[in-house]
Amino acid sequence: MTEISSSAVPMHRDEATVLHLASSAEVVAVPSELDIVFRMQPKQVEARHRVAYRTALVVLVLSHFNRRAAKLTNLHTVMWATRSARTRRVFGAWWNGRRFYNASTERLDPDLQITLNLAIVDGLVAPAGEGRRVQLTKKGIELAHLLDGEPELLAIEKKFLGALEPLSDASMDRRLGEVQR
Amino acid sequence: MLRLRAVRLRAHTIGGRFGRTVAFGPQFNVLRGDNSRGKTQVVQAVIYALGMERMLQARANAPLGSALTSEIRTTDDEQAHGLAVVSSWVAVELENSVGRITTAQRYVRHERLQPNIVRVWDGPALTDPSWAGAPDDLFLHLPGSASRELGFHKLLTDMLEWSLPEVPTYTGESRTLYPDVLFPFLIVDQQSWGSAGPRRVGRYQIRDPIRRSAEFLLSLEGPVADRRRAELDQTLATLRTQWAAARSAVDTLAGVVGGRVSGVPQHAAGAQARATSPEPTRLEAAELQLLERDEWLSAESVLTPLAEQIARAHAAGQRHVAADQDPETVRQLDEARSQLAEVAAAVLLLEQDLSLGEAQLAALDRRLNLLQEERDRNVDIRTLVRLGSQVAAFHLTDHNCPTCRQSLDPVEAGDLGPVLDVDETVALLNAQVSTTQKMRQRAQESVTQASNSYAAMQRRADQLRTTVRAFEADVMAPPEALSAGDIATQVTLQLRYDELQRTLAALRERFDELGGLAQQIAAVRAELSHLPAGTPETDTARLSTVALGMRQKLSETRFDSYDVSAVEIDQDSLRPTREGYDLDIDVSASDVVRIKVAYLDSIRVVGQQHGRHPGLLILDEPRQQDIDVDDFAAILNYLASSSSYAGQTIITTATPREQLDQLLPSTLSHVIDLGQERLLQPDPRTDPLDP
């Protein structure tokens, strides 16, 4: 095995050999005694898949709606809109009337249903309007006040939702032009 | 030395108060109880009360069971029902080597007291109720909890007389070796018996956390030199960056006047890894050179004739235009046009470079915004968990499904496989933000340099255009008019002279700066080459003692997967190893337990004698892998023997009492028997530690 010069942080000898082989210009046979181990590294879960973030976002979005209630279809679209800078920009353009006449403005948030289920069981949100709408409960309103009390918390989402006011099922139908919602 | 004197668990439910206090002896303790009675809860309570739950990677939340987090099952009139938990806490009473006793209490669930607050009494508040006066509130799991006076882990490390070292991370920086990275050597939880080594705590991005912990607990000397080497390497990296920046500035200055710098090497002597003890780079020969008639000449040798040209031009005054296209004027015009064409081509290339650089900068800005937004969201999640507890939104706090009480981890992770928890994600995103910021900084420097060169070339092109226009005017001018070309030449020469003087002054300052950096780089390299190489003899001897002790204990427990002499301490990871095999999968499950206990006890014995090991060893159900009764007796024997001089041992087991009495060494053991009782029993008294 080729000797590798020592570095500041002592490496595992096999790690050093692998690095040496990788940086070598020549094509050489891998030493038979080399012990290469593959380990599964933990992956990163995006914050928008985290239950705590999603539940808080549902509460925040509903708190911006008139009477703190929204149709499920509208909730899906707004939850989708908060996802990234790009979706916020696209939704902002629709909201301000900059879209093709035939552009579909309905979007789905695949994780919304399970988030709502958890929020309903925990008493933050309650179904309304024969199950087609959801509204914040007293506990949900209390959490929304706590979210508002921390200006740094969900700052980008709050700024985005604040720019949409007045937000209601009616304003969404009017602005996004899909009365069949 | 650290000794656990007692642990208490309390829960207030809608149906009354429940609790249990378990007191431990100073040496060898066995906590016995039937299955599912709560032995593991006692160990988990110790982990939680000490703020060490982050060593259990699989779960970032409170590691305690439902009896302390949601409901207590109880049987009334032969009818089982659950009592919802309103608040709950756990507390431990600790004693160190100088007899200082401290009690730490941490709430699992409370409407006001957050889990990151630890209430501390400077006395035996569990075993002597008269001590339960006003506690100090210390914080946990926030920046500074291991370094600030009000941090609980600072208090704990003070009790242990630990001065936590800085250790290298995967990102090349260094960070404190936190207590929760070290504690897997002291506490073995029930889920970690699948591996022969201690739990590997990866959350802090520390490189080789097990090795660093073993080095610290055994007080090995090699790491001191390694740490100094890492520090010096870090300093060298910074100096190299400064050298590169100063050299880049020098090149830019030279580029502005269309010159180059010679005598300043790409790397200073000693900056490269192969260098030994070099002389510092000398910069006496460093100079600005300019291209004159296809030859690079020093700026000084260009300045003298330039000054003479200016003097001659002034002395000659302005000549008059000669009639009929003077050949000299035409030659000068052609030469100026040719130069202008060359400069225009160079400007075009520079413009392309600049556009590419700016596009890269914009892409990096977008990436940076994305990463920062994701990091902020993850940081927000910590706050959201706290707010969730204030409104009793329990699935935010305990991360369990409110209906079935199962963990919500699979809901978040989907089919991703193992995932990072929120804190690990924040650490990863911080590292990515830092890397992207550095890339952006470099891209910005490159764009700035290209922009400077672009501006200089544009200026040169403007000067040449002025000269061309002046000579064109001369060619077309009526005879006897003053020569515009001569006037333009005089002005251009004077501007060039002044510009060169200014650049030379600026370069002299930069050369001084580079000289200082060269001295520092050589000094750092000299210290690096004098650091001892290899493993010091004392370290080798200490590790040999650990290996010897481990093999001896293995022999006593009839380790039979292969020859005991094949089990070694790996010199790279400092974990138990057999050359060429993975011990975690290559031996039977019961042999993994045998190796693990023998290894941890050997580290404990050697670390207690020569190092910083506090002597405490807590083992939760080592017998779960069906170790033979005789071998279990051997394990109990050597642990009891070690406890008599190396520190306290607490071991939990479900072994029947009669059998246990036969296995235990007679005089050395303190048995706490829960029998068939559940751990938490009705206890209507008001506890002095309740707030």
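None of the values given here were measured: they were computed from a predicted structure.

Got a sec to walk through the pairing of strand 2 (residues 125–128) of chain A? Specific residues and values, please.
Residues and elements named next belong to chain A. Here strand 2 pairs with strand 3 (residues 133–136) via four bridges, running antiparallel. Residue pairing across strands places Pro127 opposite Val134, the latter belonging to strand 3. If you look at the hairpin formed by strand 2 and strand 3, you'll find four residues sitting between the two strands, and Gly129 has a positive phi there, around 55°.

Can you break down helix 6 (residues 138–148) of chain A residue by residue, with the values?
Residues and elements named next belong to chain A. Within helix 6, the full set of buried residues consists of Gly140, Leu143, Ala144 and Leu147. The buried residues of helix 6 occupy one face: seen down the axis, they fall within an arc of 105°. Turned more than 90 degrees away from the buried face of helix 6, the exposed residues are Lys138 and His145.

Give me the lowdown on the sheet that holds strand 17 (residues 617–620) of chain B, citing residues and values where you can.
Residue and element names in this part refer to chain B. The sheet built from five strands is open, its strands ordered 11-17-18-3-19 with parallel pairing. Each edge of the open sheet carries a strand with a single partner, namely strand 11 (187–188) and strand 19 (669–673). Pairing of strand 11 with strand 17 involves two bridges; the strand directions are parallel. Residue pairing for strand 17: Val188 is matched across the bridge by Leu619. Contacts between helix 16 (residues 629–646) and the sheet are confined to strand 3 (28–32), strand 17 and strand 18 (649–653), with strand 18 contributing the most and set at about 160° to the helix.

Run through the packing of aromatic side chains, naming residues and quoting values.
All names here are of chain A. Scanning the model with the defined rule gives eight aromatic pairs over all chains in all. Seen from their ring centres, Phe91 and Trp94 are 6.2 Å apart, and the 55° between their planes marks the pair as tilted. Separated by three residues within a single helix, Phe91 and Trp94 lie in helix 4 (residues 85–95), roughly one turn from each other. This pair shows no difference in class: Phe91 is buried, exactly as Trp94 is. An angle of 65° between the planes, with centres 5.9 Å apart, marks the rings of Phe91 and Phe160 as edge-to-face. Taken as a pair, Phe91 in helix 4 and Phe160 in helix 7 (residues 155–162) lie far apart in primary sequence, 69 residues in all. Summarising the burial analysis for this pair, Phe91 and Phe160 share the class buried. Taken together through their ring pairs, the aromatic side chains of Trp80, Phe91, Trp94, Trp95 and Phe160 make up a single cluster.

So what's going on with the interface of chain A and chain B? Residues and values would help.
Residue-level contacts link 46 residues of chain A with 46 residues of chain B. Of the roughly 4,000 Å² buried between chain A and chain B on both sides combined, carbon and sulfur atoms contribute 61%. Remark: the boundary between chain A and chain B carries three salt bridges. The partner of Arg377 of chain B in a salt bridge is Glu157 of chain A, and the shortest N-O contact between them spans 3.0 Å. Here chain A and chain B share 16 residue pairs in polar contact (both at pLDDT 80 or more) between them.

Any details on the packing of helix 2 (residues 51–64) of chain A against helix 6 of chain A? Residues and values, ideally.
Packed helices, taken two at a time, are described by their axes: the angle between them and the distance between them. All names here are of chain A. Running from N to C, helix 2 and helix 6 point in directions that differ by 95°, and their axes come no closer than 9 Å. Between helix 2 and helix 6, the crossing angle belongs to the class labelled roughly perpendicular. Mapping the contact onto sequence places Ala56, Val59, Leu60 and Ser63 in helix 2 and Gly140, Leu143, Ala144, Leu147 and Asp148 in helix 6. When the residues that make up the contact of helix 2 with helix 6 are grouped by side-chain class, the tally is six nonpolar, two polar and one charged.

Pulling in residues and values, what's your account of a nonpolar patch on the surface?
Residues and elements named next belong to chain B. Together, Ile487, Val491 and Leu495 make up a nonpolar patch on the protein surface, roughly 240 Å² of accessible area in all. Positionally, Ile487 belongs in helix 12 (residues 484–530). Judged by its relative accessible area of 37%, Ile487 falls in the partly exposed class.

Can you tell me about the pattern of salt bridges, naming the residues and giving the values?
Residues and elements named next belong to chain B. Applying the stated criterion across every chain yields a total of 47 salt bridges over all chains. Of the charged contacts in the structure, one is a salt bridge between Asp423 and Arg54, with a shortest N-O distance of 2.8 Å. Of this pair, Asp423 sits in helix 11 (residues 422–476) while Arg54 sits in the loop between helix 1 (39–49) and helix 2 (66–69), placing them 369 residues apart in sequence. Each member of the pair, Asp423 together with Arg54, is buried. Three or more residues joined by partner-sharing salt bridges are found here, namely Arg8, Arg10, Asp683, Arg685 and Asp687.

Explain the confidence of the model for chain A to me, using residue names and the numbers behind them.
Per-residue pLDDT for chain A has a mean of 84; in total, 82% of the residues score no lower than 70. In the model, residues 1–9 of chain A has pLDDT below 50 throughout and makes 14 contacts with residues more than four positions away in sequence or in other chains.

Lay out the packing of helix 2 of chain A against helix 8 (residues 327–390) of chain B with the relevant residues and their values.
Orientation of helix 2 of chain A relative to helix 8 of chain B, taken along the N-to-C sense of each, is 80°, at an axis distance of 9 Å. When the axes of helix 2 of chain A and helix 8 of chain B are compared, the pair comes out roughly perpendicular. For the pair helix 2 of chain A and helix 8 of chain B, contact is made by Ala52, Tyr53 and Ala56 of chain A and by Arg377, Ile381, Leu384 and Val385 of chain B, respectively. A breakdown of the residues in the contact of helix 2 of chain A with helix 8 of chain B according to their chemical character gives six nonpolar, no polar and one charged.

I'd like a description of the sheet that holds strand 2 of chain A, backed by residues and values.
Residue and element names in this part refer to chain A. Taken in spatial order, the three strands line up as 1-3-2 in an open sheet, and their pairing is antiparallel. Two strands lie at the open edges of the sheet, namely strand 1 (69–71) and strand 2, each paired on one side alone. Pairs of neighbouring strands in the sheet enclose a mean axial angle of 25°, with direction left out of account. In this sheet, strand 3 lies alongside strand 1 in antiparallel orientation, the contact comprising three bridges. From the neighbouring strand, Lys71 faces strand 3, where its bridge partner is Arg133. Set on the sheet, helix 2 makes contact with strand 1, strand 2 and strand 3; between it and strand 3 the angle comes to about 95°.

Lay out the environment of Pro26 of chain B with the relevant residues and their values.
All names here are of chain B. Secondary-structure assignment places Pro26 in the loop between strand 2 (16–23) and strand 3. For the pair Pro26 and Ser643, spaced 617 residues apart in sequence, the C-alpha separation works out to 8.5 Å. Non-local contacts of Pro26, meaning those with residues more than four positions away in its chain, are made with Arg3 and Gln648.

Conventions adopted
Residues numbered from 1 in each chain as written. Chains lettered and ligands numbered in written order. Predicted model: local features only at pLDDT ≥ 70, side-chain atom pairs only at ≥ 80, totals over all residues. Heavy atoms only, no water. Pairing = 2+ DSSP bridges. Helix = DSSP H or I, 4+ residues; strand = E, 2+ residues; numbered from the N terminus. Buried < 20%, exposed > 50% of the residue type's maximum accessible area, 1.4 Å probe, protein only. Arc of directions from axis to C-beta. Contact = heavy atoms within 4.5 Å. Axes fitted to C-alpha atoms, helices over the stretch in contact; angles between N-to-C directions. Phe/Tyr/Trp six-rings, centres within 6.5 Å; stacked < 30°, edge-to-face > 60°. Buried area = accessible area lost by both parts, 1.4 Å probe. Salt bridge = Lys/Arg side-chain N within 4 Å of Asp/Glu carboxyl O. Polar contact = N/O pair within 3.5 Å; in protein donor to acceptor, adjacent residues only side chain to side chain. Parallel < 35°, antiparallel > 145°, perpendicular 65-115°, else oblique. Nonpolar A, V, L, I, M, F, W, Y, C, P; charged D, E, K, R; others polar. Patch = residues over 30% accessible without salt bridge, like charges linked within 9 Å, V, L, I, M, F, W, Y side chains within 5 Å. Areas by Shrake-Rupley, 256 points an atom, 1.4 Å probe, with all protein chains shown as cover. pLDDT = per-residue confidence, 0-100.

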